[in-house]
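Architecture and fold: a report
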Amino acid sequence: MHRPVQRHRQRLTRILVGAAAVPVMLVASGCSSDSGDSSGDDTQKDSGASASASTTEAGSVVKEAAYAKLPEPCKVFTSKTLEELVPKGAKSSKEGKSGDTATRGSCSWDSLDNNGVDGSQFRWLNVSLLRFESDATRGTGEKLASEYFAKHTEDARAVAGAKDTKSQPLTGMGNEATLVTYDLKKKEGTFKQQTVVTRVENVVVTVDYNGAGLAGDDAPKVADLTKAAQKAAKEAVQAVATANGAGGSAGGSDATPSPGKSPDKSASKSPTQSSGQGADPGADSKSPTKSAAKKD
């Protein structure tokens, strides 16, 4: 009689001990799942994500463009230069239309020296200015200007109807420059075209200069036109630097102009946003052949 009771008591003791052990195992398991090691992993993951975000944010910052403004296009040349290049039209300036004068502008002059039965000498001068701003997704203003410079130079070499096209790099004006020359025959005569495309930091300056002997007069010498066009281009490049408060000369490729004052918000639109990339800022200027036809 005593044995069954004793065995029963022993079995009950084992059950109670086993039941008491279950919560201990659960607590141990819970402590393991909330251990400091796991918390460290999560912290490292969060830290890594934050560092990645900071890197991305830092990577979007680009250098501010050197030049923040453009000179007035009709005032980039001195009166002396205009009298030399367009002697009968030094005061004939016509400013091209622009939706954003802070990023683009142009001005043209034309001259007709009419000698009656002895013929006439026609000259046409045009300057175009295009400024690029730095963009977080597209690059610095200098990079964008350099890309446009290359494209615009190719366009100058590919004018429809141009004959005897030649081009050569130039030094002593801006960071990079190219001279493109060709003949263009029109009903009024043969026009000797000189195009100088130059980049100074984040601004592309284009000077177009051509001449023609009309009504039987001799054509002007290309060497004279080329020399005049290069002089005008150097003057326009210097005008850009002066407008931004840069001292000294902006003629050399190693020149480092001082950054100008940042433009206000109303003038912060990039040239590609304001009028479309690749658009010629002097497109609204009067063409030389139309001017010549009118004068005749």
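Anything mentioned here points back to the structure above.
What you are looking at is a predicted structure, and each value in this text was computed from that prediction instead of being measured.

Time to look at the sheet that holds strand β1 (residues 94–95). Spatial ordering of the open sheet is given by β1-β2-β3-β7-β6-β5-β4, a layout of seven strands whose pairing is antiparallel. What marks the edges here is a single partner per strand, and that holds for β1 and β4 (162–170). Looking at chain direction, β1 and strand β2 (residues 104–114) are connected through two bridges and run antiparallel. The residue bridging Lys94 from the neighbouring strand is Ser108, located in β2.

All right, on to the packing of aromatic side chains then. One pass over the structure, following the stated rule, counts three aromatic pairs. Plain terms: the ring middles of Phe122 and Phe191 are 5.9 Å apart, the flat faces sit at 85° to each other, and that makes the pair edge-to-face. You can see Phe122 sitting in strand β3 (residues 120–131) and its partner Phe191 sitting in strand β6 (residues 189–200), a full 69 residues away along the chain. Since its relative accessible area comes to 3%, Phe191 is described here as buried. Ring geometry for Phe132 against Tyr148: centres 5.6 Å apart, planes inclined by 45°, an arrangement best described as tilted. Taken as a pair, Phe132 in the loop between β3 and α4 (141–157) and Tyr148 in helix α4 lie far apart in primary sequence, 16 residues in all.

This brings us to the nonpolar core. In terms of nonpolar packing, the biggest core is built from 33 residues, with Phe77, Trp109, Leu125, Val127, Val205 and Val207 touching the most fellow members. Of all the secondary structure elements, the ones that give two or more residues to this core are α3 (79–85), β2, β3, β5 (176–186), β6, β7 (203–214) and α5 (222–243). At ten residues, α5 tops the list of elements feeding residues into this core. In this structure, Leu130, Ala145, Phe149 and Val204 belong to the second largest nonpolar core, which totals eight residues.

A full pass over the atoms with the stated rule returns one disulfide. Each sulfur of the disulfide joining Cys74 and Cys107 lies 2.0 Å from the other. On the S-S bond that ties Cys74 to Cys107, the torsion sits near 95°, and the link is right-handed. Taken together, the positions of Cys74 in the loop between α2 (36–59) and α3 and Cys107 in strand β2 put the pair 33 residues apart, joining distant regions of the chain. On the basis of relative accessibility, which here comes to 22%, the residue Cys74 falls in the partly exposed class.

Once that is clear, we can look at the pattern of salt bridges. Tallying each qualifying case throughout the model produces nine salt bridges. Here Glu176 and Arg199 are joined by a salt bridge, their closest N and O atoms 2.6 Å apart. Here Arg199 lies in strand β6 and Glu176 lies in strand β5, a separation of 23 residues in the sequence. Classification of Arg199 by relative accessible area gives buried; the value is 11%.

It is worth spelling out α4 at this point. Helix length check: α4, at 17 residues, gives a terminal C-alpha distance of 24 Å against a target of 24 Å (1.5 Å per residue), a fit within 8%. Residues of α4 that are buried: Gly141, Glu142, Leu144, Ala145, Tyr148, Phe149, His152, Thr153 and Ala156. The buried residues of α4 occupy one face: seen down the axis, they fall within an arc of 165°. Looking at the buried side of α4, the elements it contacts are β3, β5, β6 and β7.

On to the environment of Asp110, then. Relative to the elements of secondary structure, Asp110 occurs in strand β2. Overall, the relative accessible area of 6% leaves Asp110 in the buried class. In the structure, Asp110 is positioned 20 residues away from Ala90 in sequence and 8.0 Å away in space, judged by C-alpha atoms. Reaching out from Asp110, the side chain makes a polar contact with the side chain of Lys94 at a distance of 2.9 Å.

What counts and what doesn't
Residues numbered from 1 in each chain as written. Predicted model: local features only at pLDDT ≥ 70, side-chain atom pairs only at ≥ 80, totals over all residues. Heavy atoms only, no water. Pairing = 2+ DSSP bridges. Helix = DSSP H or I, 4+ residues; strand = E, 2+ residues; numbered from the N terminus. Phe/Tyr/Trp six-rings, centres within 6.5 Å; stacked < 30°, edge-to-face > 60°. Buried < 20%, exposed > 50% of the residue type's maximum accessible area, 1.4 Å probe, protein only. Core = buried A, V, L, I, M, F, W, Y, C linked by side-chain atoms within 4.5 Å. Disulfide = S-S within 2.5 Å. Salt bridge = Lys/Arg side-chain N within 4 Å of Asp/Glu carboxyl O. Expected span 1.5 Å × (residues − 1). Arc of directions from axis to C-beta. Contact = heavy atoms within 4.5 Å. Polar contact = N/O pair within 3.5 Å; in protein donor to acceptor, adjacent residues only side chain to side chain.

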